[in-house]
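# Analysis of the macromolecular model
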Amino acid sequence: MDRNAKKGGVSYAKWGYIFILPFFIVYFLFTFVPQILTIYNSFFENYKEGLTQIGPNFVGLRNYITLFTPDSAGTINILKYTGNTLILWILGAVPQIVIAMLLAIFFTSYRLKIKGQQFFKTVIYMPNLIMASAFSMLFFTLFSTVGPINQLITSMGWADATIDFFAYTITVRGLISLMNFLMWFGNTTILFMAGIMGIDQSLFEAASIDGANSLQVFFKVTVPLLMPIIVYTIITAMIGGLQMFDVPQVLTKGMGMPNRTSMTLIMYLNNFLSGSKNYGMSGAISVIIFIITGILSLIVFRTLNRNYSGTEKKHRRRNLPQNAR
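What you are looking at is a predicted structure, and each value in this text was computed from that prediction instead of being measured.

Conventions we followed
Residues numbered from 1 in each chain as written. Predicted model: local features only at pLDDT ≥ 70, side-chain atom pairs only at ≥ 80, totals over all residues. Heavy atoms only, no water. Phe/Tyr/Trp six-rings, centres within 6.5 Å; stacked < 30°, edge-to-face > 60°. Buried < 20%, exposed > 50% of the residue type's maximum accessible area, 1.4 Å probe, protein only. Helix = DSSP H or I, 4+ residues; strand = E, 2+ residues; numbered from the N terminus. Polar contact = N/O pair within 3.5 Å; in protein donor to acceptor, adjacent residues only side chain to side chain. Contact = heavy atoms within 4.5 Å. Axes fitted to C-alpha atoms, helices over the stretch in contact; angles between N-to-C directions. Left-handed = near helix turned anticlockwise from the far one by under 90°. Nonpolar A, V, L, I, M, F, W, Y, C, P; charged D, E, K, R; others polar. pLDDT = per-residue confidence, 0-100. Salt bridge = Lys/Arg side-chain N within 4 Å of Asp/Glu carboxyl O. Core = buried A, V, L, I, M, F, W, Y, C linked by side-chain atoms within 4.5 Å. Pairing = 2+ DSSP bridges. Parallel < 35°, antiparallel > 145°, perpendicular 65-115°, else oblique.

## A word on the packing of aromatic side chains
Tallied over the full model, the rule gives 16 aromatic pairs. Judged by centre distance (4.7 Å) and plane angle (45°), the rings of Y40 and F44 are tilted. Overall, F44 belongs to the buried group, its relative accessible area being 15%. Chaining the aromatic ring pairs together yields one cluster made of F135, F139, F143 and F165.

## Re the side chain of S262
Here S262 lies in the loop between α10 (246-251) and α11 (265-274). Residue S262 is classed as buried on the basis of its relative accessible area of 0%. At a separation of 2.8 Å, a polar atom in the side chain of S262 contacts the main-chain carbonyl oxygen of M257. Aside from chain neighbours lying at most four places away, what touches S262 is N84, L88, V172, I176, P248, T252, G256, M257 and M267.

## Some thoughts on unusual backbone geometry
Between M257 and P258 the backbone carries a cis peptide bond, its omega angle lying at -5°. With respect to the helices and strands, P258 occurs in the loop between α10 and α11. The backbone of K253 sits at a positive phi, close to 60°, despite the residue not being glycine. Mapped onto the secondary structure, K253 falls in the loop between α10 and α11. The phi dihedral of R260 is positive, around 60°, even though this residue is not glycine.

## Details of the packing of helix α3 (residues 77-108) against helix α7 (residues 169-197)
Contact geometry of α3 with α7 gives a least axis separation of 6 Å together with a crossing angle of 40°. Note on packing geometry: the crossing formed by α3 with α7 is right-handed. Looking at the contact of α3 with α7 residue by residue, the class counts come to 20 nonpolar, eight polar and one charged.

## Focus: the confidence of the model for the protein chain
Looking at the protein chain as a whole, its pLDDT mean stands at 85, while 90% of the residues score no less than 70. Of the regions scoring below 50 in pLDDT, residues 320-325 engages in three contacts with residues more than four places distant in sequence or in other chains.

## Description of the pattern of salt bridges
Applying the stated criterion across every chain yields a total of one salt bridge. One salt bridge in this structure joins R62 and E45, with 2.9 Å as the shortest N-O distance. A residue pair is termed long-range when its members are at least 10 positions apart, and R62 in helix α2 (residues 62-67) and E45 in strand β3 (residues 44-49) qualify at 17 residues.

## What to know about the nonpolar core
One finds L67, F192, I230, Y268 and I285 to be the most contacted residues of the largest nonpolar core, which totals 41 residues. Examining the composition of this core, we find that eleven residues originate from one element, helix α9 (residues 214-242), more than from any other. Setting aside residues no more than four positions away along its own chain, Y268 makes contact with L67, N77, I78, Y81, M263 and I285. Residues A132, M183, V247 and M257 belong to the second largest nonpolar core, which totals 19 residues.

## Section: the pairing of strand β4 (residues 52-58)
Where β3 and β4 come together, five bridges link them in antiparallel fashion. Bridge pairing in β4 links K48 to Q53. Taking the residues that link successive antiparallel strands as the turn, the β3-β4 hairpin has two residues, and the phi of G50 there is positive, at about 70°.

## A short note on the side chain of N150
By the secondary structure assignment, N150 is in helix α6 (residues 148-155). Assessed through its relative accessible area of 0%, N150 is described here as buried. There is a polar contact of 2.7 Å between the side chain of N150 and the backbone nitrogen of I163.

## Quick look at the packing of helix α5 (residues 132-143) against α7
Taken N-terminus to C-terminus, the directions of α5 and α7 make an angle of 135°; their axes are 11 Å apart at the nearest point. The angle between α5 and α7 falls in the class oblique. As for the relative orientation of α5 and α7, their crossing is right-handed in sense. Contact with α5, carried on its side by A132, F135, S136, F139 and F143, involves L175, L178, M179, L182 and M183 of α7 and no other residues of that element. By residue class, the composition of the contact of α5 with α7 is nine nonpolar, one polar and no charged.

## What about the environment of S144?
Here S144 lies in the loop between α5 and α6. Classification of S144 as buried rests on a relative accessible area of 12%. For the pair formed by S144 and M193, sequence separation is 49 residues and the distance between their alpha carbons is 37 Å. For S144, the residues in contact, after removing those within four places along its chain, are N150 and F166.

Written out as structure tokens, the structure is:
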């Protein structure tokens, strides 16, 4: 009998289940049940037309068929907005991960011995504390036709007239991506720093003794051992990117200008909820977003984890005794 598990006839193993029970209760009530109801509502016609409530009427897959039916201009909106969302996420996530990795290596370098790491961690994390809506309003004010950026451009003689930054796809997408980068690169940097600091320093020393240069140490030691955190960061960033709403919503006043090129999937979903209260169509869009998120997450996980598993096996084989290989 395990004395640690049972003492005086009382079992203590149950306390672990009791402690985690509140999480499962909250998850079931506020996450799992709404997810099931969303899937259920996606098969119904349920919306308001003026003051008249239409439905709920069971329509099967009609909501999904409607989403993938081209409009009068021949555009399938759900595909267009999926493309917009992925482009905005990639433009913000790629520099976010690259710069965060460089900063993490810089701050954790034993050769450089950077002082004041806590101060730099606080500074780079501070943009993450600002509400996204407030951040968007700040950028909208800065880059408006009467904002300080346009005043600076005209006063310096770089342009004869003010520039409407919100009339061009490249500038609007660039501003949205820049804001997402500024808000999240600090959080990613801290995650990478924690991961690098958890790697055994003797591995870096052994690589240096073997004659490896900085790039070889980075790609052969740091990246493989940091892969679990990289996978976690990319997947969570992708989930957040697919749910992008507040930044483009505020910056473009909910219109996804110009020509809906910055309209995201959640903005598209919000249009059905804010106007006609079309719970059927919004439920169908939510299910599609869930499926897209699951597929992309699985692809990222399988692709990156395959390389990590191969590297891990090599390290294990290298550390085995000769007679055990």
